Amino acid sequence: MADTRFFDRAGPFTLAQIYKAARLDPLVESAPSFVDIGRLEDAGPDQVTFFDNIKYRDALRSTRAGACFVHPDYADEVPAGTLAIVTPQPYKAYALTAQIFYPGVKPAATIHAASHVADDAVIGVGTTIEAGAVIESGAQIGANCWIGANTVIGRGVVLGDGCIIGANATVSHTVIGNHVRLYPGVRIGQDGFGFAIDPAGHIKVPQLGRVVIEDGVEIGANTAIDRGAIGDTHIGAGCWIDNLVQIGHNVRLGRGCVIVSQVGIAGSTVLGDFVVLAGQAGIAGHLKIGSGVRVAAQSGVMRDIPPKSDVMGSPAMPIKQYMRQVATLTRLTRKRGKDD
Amino acid sequence: MADTRFFDRAGPFTLAQIYKAARLDPLVESAPSFVDIGRLEDAGPDQVTFFDNIKYRDALRSTRAGACFVHPDYADEVPAGTLAIVTPQPYKAYALTAQIFYPGVKPAATIHAASHVADDAVIGVGTTIEAGAVIESGAQIGANCWIGANTVIGRGVVLGDGCIIGANATVSHTVIGNHVRLYPGVRIGQDGFGFAIDPAGHIKVPQLGRVVIEDGVEIGANTAIDRGAIGDTHIGAGCWIDNLVQIGHNVRLGRGCVIVSQVGIAGSTVLGDFVVLAGQAGIAGHLKIGSGVRVAAQSGVMRDIPPKSDVMGSPAMPIKQYMRQVATLTRLTRKRGKDD
Amino acid sequence: MADTRFFDRAGPFTLAQIYKAARLDPLVESAPSFVDIGRLEDAGPDQVTFFDNIKYRDALRSTRAGACFVHPDYADEVPAGTLAIVTPQPYKAYALTAQIFYPGVKPAATIHAASHVADDAVIGVGTTIEAGAVIESGAQIGANCWIGANTVIGRGVVLGDGCIIGANATVSHTVIGNHVRLYPGVRIGQDGFGFAIDPAGHIKVPQLGRVVIEDGVEIGANTAIDRGAIGDTHIGAGCWIDNLVQIGHNVRLGRGCVIVSQVGIAGSTVLGDFVVLAGQAGIAGHLKIGSGVRVAAQSGVMRDIPPKSDVMGSPAMPIKQYMRQVATLTRLTRKRGKDD
């Protein structure tokens, strides 16, 4: 399925191995075995697929896949020729299975002759550094990391083990945990947007903090995270941040937050755990956004939000209130049309 | 007109040559000749200009240009000293004429000693590779391409002929046609935003597709296009994509789409041909946007849109309905003000 | 306070030195002296802090800092153990003081052996060029500049004195004044989004202008500024531009404008002096935005705006009118709820 110019496939794996990978109850029998994962619509008898979106129900009913992860509610819609692997979380099971078929590129543990590593930088065992990468004075890179081509790791930056940094990225003034991935073109640790307004010329406020990124964080392409003005900008463990996101100085994200593409979070705002900000949402500065809050796409948050609230609109309000406002305006406009 | 530190000018060209370049009916006489293009307000007698925006009508009436591309409706407003070259598409004629005066930098057909080209990469005839560029294993670059300084072309990437890739760009997992231009800082082919939500730590879904870009596409600075999760992200021939745009995994664009700056298109959404998305618009995932649809700036599209519709608002609706809603709210607010 | 892996601290400084730095009336006595700046909540007796945001009033009352810049209105809330340095602009005084404690990295005046400087480029005295940086033919770099690693300065580009260009940036077709800072990943001078729409394939309009950036401008990470189509894109002295901003071809900014993250300004729009565009605002093309205008976050400006106006909404309107519309819709929705 995947283009072998770009991807290396492992396997084949037996059904028992797949159960184990997908964290399902152990299976005694190990046959049959599978050579790949695939989509409902084009997976063959030696491939494993999944069903997780009601839009693809027809594809489920006509799939030719060898096996299919499926929620109990839809198990009886799996065709006779396909083995239904029933689980309450079919997408998770698929993700884990895909990971064993496509384990990703392993670090080559080579430091390219055309990279530039400062004499006093520390590079861990098994770490790869590609051509043109620059590792500045005092930086510490953990074991089994991958530093992409032409990426710049600034003075004193710390990376834990197993981090993957894409090409053409820039990281400065930052301390990073383990198993963090930065995509190509990320900018982390540069000056925040800090100055005192002055008609004779705005006066720069030195930005003296850092960025701290905990374990297991992913940060998308061309995203920018500024370091703190005083104190740190903080990204909690397991946060997923998409492309082209802006995170201002001294912002704090709790654990497991999901920040979708083109979101902006202004300075000193604090998010709890598992907050979800949908695409292009904007959050003003110095706010508190409670754990479990979900902000709809393009919303503009101008006030604190209590935990577990769903908000929408610009300015953002509880989603039910927003929907009522939309309905009111639609009704009044229609009525007026009749009056004319 | 153009600063010669940055631009090389060709010419002079005779009027007949300009007619030919602008794809107008052939002209027998070849005099006069012109040395440059210019703006209405400052072009001189040896320069060609154009009129295409009613805002500049005064500038048309007082222009000193030697010749002016102009729509038939305005031909009689061209001053006596200026030759009116009448065409229904004056801006197109200007574009084609400007192309002969400023043909752009030709590839030098040199591979810089400080670039890093893998032994098994294939580089076409006439292709230039600048300092610091990295071409990874198995990549195939066509003829007469230009690969900018410090750009990284990943393993197995394919480029057709005549492609121009700006500096500091990153391309991986991608197959590109002919005459494609990528501006500085583009990120193409990185992992999409794919994971299964899990309180114990979101689980990464391997992103196993590619990006396919057809002929004649332009992609603006710092734009990000993620590769497919399974299957491809696809950009149709002749699409023009501006700066800082986000295109998620498995998005498909038809031919000739125009995607203005800071637009975001979420995963698996499919656009027809000649769709126009104005600046900062956002399109949710898994939608179908018909051919010829136009989406106004900052709009948020949450549903499928039939072909040739114009929509506006967040959430987006037919533009007439949106305008009526704006009028209703204005009227009710004014009325209330009077009641107070 | 600041992590010494990343920052070099100067000092200690006497109180008289701090008064001088903060541009306050001269002080005869020079004791006591201070070793650092710090935050209200954790500064100690040998540190200077500031109070400028009413949200932190409790922290002011309990601070242990040795001295505190404070507005006259709050001077009597400074605790007995803390010296109140009274000034109408405490944040400005703090900024100036922080600058003497943290003067920033000085250029090392070294040109890295692995940088690529064209033979005919001119490099000023005291300028540092880091590894992998590329300076193309005819470029002129002033004195005491810093060109970050893997940054590309294109043919003929001019930089004044004291400019700091971050890593992985790209600058072409641009003339830059003195003391300008470009953050990592900025893209300046690439082609604007210019083409004539054509069903047979949109036709590129050669982009023949430049970008001109006056003295003292700051431009944030991954921001894109396109060069003019004909004539220049112009950024006035002392403008502050945040991360991920888009500025189209032929835009003109006056002096001291503040452009917050993810703002987009479409082609040929002209801003006066000291315009403030808050985060994610969008400005359509060919508009005139008067001096002193403030545009609220996420607003969409579709018409000219007279000087000193405050606008909000999409489409943007005077902020009072916008607030009245929000109130009207809230009231009508609530009323309808009661009617149901």
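A quick note: this is a predicted structure, and the numbers were derived from the prediction, not measured.

**Describing the overall build of chain A**
Summing up its helical and strand segments, chain A has 4 helices and 38 strands in all. The dimensions of chain A, computed from C-alpha atoms along their principal axes, are 75 × 75 × 35 Å. Within the span of chain A, comprising 340 residues, buried residues form 60% of the whole. Of the contacts formed within chain A by residues at least 6 apart in sequence, a portion of 18% connects residues at least 24 apart.

**Regarding the interface of chain C and chain B**
Taken together, the contact between chain C and chain B spans 68 residues of the former and 63 residues of the latter. For the pair chain C and chain B, the two sides together bury roughly 5000 Å², of which 59% comes from carbon and sulfur. A salt bridge links K204 of chain C to E218 of chain B; its shortest N-O distance comes to 3.1 Å. On the surface where chain C and chain B come into contact, there are 28 residue pairs in polar contact (both at pLDDT 80 or more). Elements with a contribution of two residues or more to the side of chain C that touches chain B: β17 (174-176), β20 (195-196), β21 (203-204) and α4 (319-339) of chain C. Looking at the side of chain C that touches chain B element by element, the count peaks at 7 residues for α4 of chain C.

**Focus: the pattern of salt bridges**
Here the structure, examined in full by the defined rule, presents 36 salt bridges over all chains. In this structure, the salt-bridge partner of D36 of chain C is R9 of chain C, at a minimum N-O distance of 2.7 Å. Placement of the pair is D36 of chain C in strand β3 (residues 36-37) and R9 of chain C in the segment before β1 (13-14), with a sequence separation of 27 residues. Salt bridges linked by common partners bring R181 and E218 of chain A together with D191, K204 and R227 of chain B together as one network.

**Here's the deal with the pairing of strand β4 (residues 47-50) of chain A**
Residue and element names in this part refer to chain A. Residues of β4 alternate between two faces, with Q47 and T49 on one and V48 and F50 on the opposite face, all of them buried. Bridging between strand β3 (residues 36-37) and β4 involves 2 bridges; their strand directions are parallel. Bridge pairing in β4 places I37 opposite V48. Pairing of β4 with strand β5 (residues 67-70), which is carried by 3 bridges, proceeds in the parallel orientation. Residue pairing in the sheet places T49 in a bridge with C68 of β5.

**Let's talk about the relation of the copies chain C and chain B**
Placing chain C over chain B gives an RMSD of 0.1 Å and needs a rotation angle of 120 degrees, together with 0.0 Å of translation along the axis. Here the two chains are linked by the operation of a three-fold rotation axis.

**Section: the side chain of K92 of chain C**
Note on placement: K92 of chain C falls in helix α3 (residues 90-101). For K92 of chain C, a relative accessible area of 16% corresponds to the buried category.

**Side note on empty space enclosed by the protein**
All chains considered together, the criterion is met by 1 cavity of 30 Å³ or more. Considered as a void within the structure, the largest cavity measures approximately 40 Å³ in volume. In terms of lining, the largest cavity is formed by Y183, E218, G220, W240, I241, D242 and N243 of chain B together with D191, G192 and F193 of chain C. The residue inventory of the lining of the largest cavity, partitioned by class, reads 4 nonpolar, 3 polar and 3 charged.

**A short note on the sheet that holds strand β19 (residues 187-188) of chain A**
Residues and elements named next belong to chain A. The 10 strands are arranged β7-β10-β13-β16-β19-β24-β27-β30-β33-β36 in an open sheet whose pairing can be described as parallel. Pairing within the sheet leaves two strands with one partner each, and these edge strands are β7 (116-117) and β36 (300-301). Of the pairings in the sheet, the one linking strand β16 (residues 170-171) to β19 comprises 2 bridges and is parallel in character. From the neighbouring strand, T170 faces β19, where its bridge partner is R187.

**Describing the interface of chain B and chain A**
Each partner contributes residues to the interface: chain B has 68 residues there, and chain A has 63 residues. Together chain B and chain A conceal approximately 5000 Å² of surface at their shared face, both sides included; 59% is due to carbon and sulfur atoms. On the surface where chain B and chain A come into contact, there are 2 salt bridges. The interface formed by chain B and chain A includes 28 residue pairs in polar contact (both at pLDDT 80 or more). Those elements that provide at least two residues to the side of chain B that touches chain A are β17 (174-176), β20 (195-196), β21 (203-204) and α4 (319-339) of chain B. Counted by class, the side of chain B that touches chain A contains 26 nonpolar, 31 polar and 11 charged residues.

**Structural notes on the packing of aromatic side chains**
Tallied over the entire structure, the rule returns 26 aromatic pairs over all chains. Between F193 of chain A and F195 of chain A, the ring centres sit 5.1 Å apart and the planes meet at 85 degrees, which makes this aromatic pair edge-to-face. Ring centres of F51 of chain B and Y74 of chain B lie 5.2 Å apart, and the angle between their planes is 70 degrees; this geometry places the pair in the edge-to-face category. Here F51 of chain B, found in the loop between β4 (47-50) and α2 (57-61), pairs with Y74 of chain B, found in the loop between β5 (67-70) and β6 (83-86); they are 23 residues apart in sequence, far enough to count as distant. Classification of F51 of chain B as buried rests on a relative accessible area of 3%. An aromatic cluster is built from F50, Y91 and Y94 of chain A, whose rings are joined through pairwise contacts.

**A word on the confidence of the model for chain A**
Across chain A, pLDDT averages 93, with 98% of residues at or above 70. We note a pTM of 0.95 for the whole complex and an ipTM of 0.94 for its interfaces.

**Structural notes on helix α3 (residues 90-101) of chain A**
Residue and element names in this part refer to chain A. For α3, with 12 residues, the first-to-last C-alpha span of 17 Å sits near the 16 Å given by 1.5 Å per residue. α3 sits mainly inside the fold: 9 of its 12 residues count as buried. Taken together, the buried positions of α3 are P90, K92, A93, Y94, A95, L96, T97, A98 and F101.

**Brief notes about the environment of W240 of chain A**
Inspection of the secondary structure assignment puts W240 of chain A in strand β26 (residues 240-241). For W240 of chain A, a relative accessible area of 3% puts it in the buried group.

**Some points on a positive patch on the surface**
Judged by side-chain charge, R331 and K335 of chain A, R331 and K335 of chain B together with R331 and K335 of chain C come together as a positively charged surface patch. By the secondary structure assignment, K335 of chain C is in helix α4.

**Thoughts on the sheet that holds β4 of chain B**
Backbone hydrogen bonds are what pair the strands of a sheet, in a parallel or an antiparallel way. All names here are of chain B. A sheet is described by the order of its strands in space; here 4 strands give the open sequence β3-β4-β5-β6, paired in parallel fashion. Each edge of the open sheet is held by one strand with a lone partner, namely β3 (36-37) and β6. Where β5 meets β6, 4 bridges bridge the pair, whose relative direction is parallel. Residue pairing for β6: C68 is matched across the bridge by A84.

**Some words on the environment of V105 of chain A**
As for its placement among the helices and strands, V105 of chain A is situated in the loop between α3 and β7. Considered as a pair, V105 of chain A and A281 of chain A are 176 residues apart in the sequence and their alpha carbons are 34 Å apart. Those residues in contact with V105 of chain A that sit more than four places away from it in its chain are W146 of chain A together with R155 of chain B.

**Some details on unusual backbone geometry**
Residues and elements named next belong to chain B. A cis amide bond, omega 5 degrees, links S314 with the succeeding residue P315. Although it is not a glycine, H179 adopts a positive phi angle of roughly 55 degrees. If you trace the backbone, H179 turns up in the loop between β17 and β18 (181-182). Even without glycine at this site, Q262 takes up a positive phi of about 70 degrees. Position of Q262 among the secondary structure elements: in the loop between β29 (258-259) and β30 (264-265).

What counts, and where the lines are drawn
- Residues numbered from 1 in each chain as written.
- Chains lettered and ligands numbered in written order.
- Predicted model: local features only at pLDDT ≥ 70, side-chain atom pairs only at ≥ 80, totals over all residues.
- Heavy atoms only, no water.
- Helix = DSSP H or I, 4+ residues; strand = E, 2+ residues; numbered from the N terminus.
- Buried < 20%, exposed > 50% of the residue type's maximum accessible area, 1.4 Å probe, protein only.
- Contact = heavy atoms within 4.5 Å.
- Buried area = accessible area lost by both parts, 1.4 Å probe.
- Salt bridge = Lys/Arg side-chain N within 4 Å of Asp/Glu carboxyl O.
- Polar contact = N/O pair within 3.5 Å; in protein donor to acceptor, adjacent residues only side chain to side chain.
- Pairing = 2+ DSSP bridges.
- Least-squares fit on C-alpha atoms with pLDDT ≥ 70 in both.
- 1 Å grid on protein atoms, 1.4 Å probe; cavity = no way out; pocket = protein on both sides within 12 Å on 5 of 7 lines; lining within 4 Å.
- Points joined across faces, edges and corners; volume = space filled by probe spheres on them.
- Nonpolar A, V, L, I, M, F, W, Y, C, P; charged D, E, K, R; others polar.
- Phe/Tyr/Trp six-rings, centres within 6.5 Å; stacked < 30°, edge-to-face > 60°.
- pLDDT = per-residue confidence, 0-100.
- Expected span 1.5 Å × (residues − 1).
- Patch = residues over 30% accessible without salt bridge, like charges linked within 9 Å, V, L, I, M, F, W, Y side chains within 5 Å.
- Areas by Shrake-Rupley, 256 points an atom, 1.4 Å probe, with all protein chains shown as cover.
- Lys, Arg positive; Asp, Glu negative; His and termini not counted.
- Charge placed at Lys NZ, Arg CZ, Asp CG, Glu CD.

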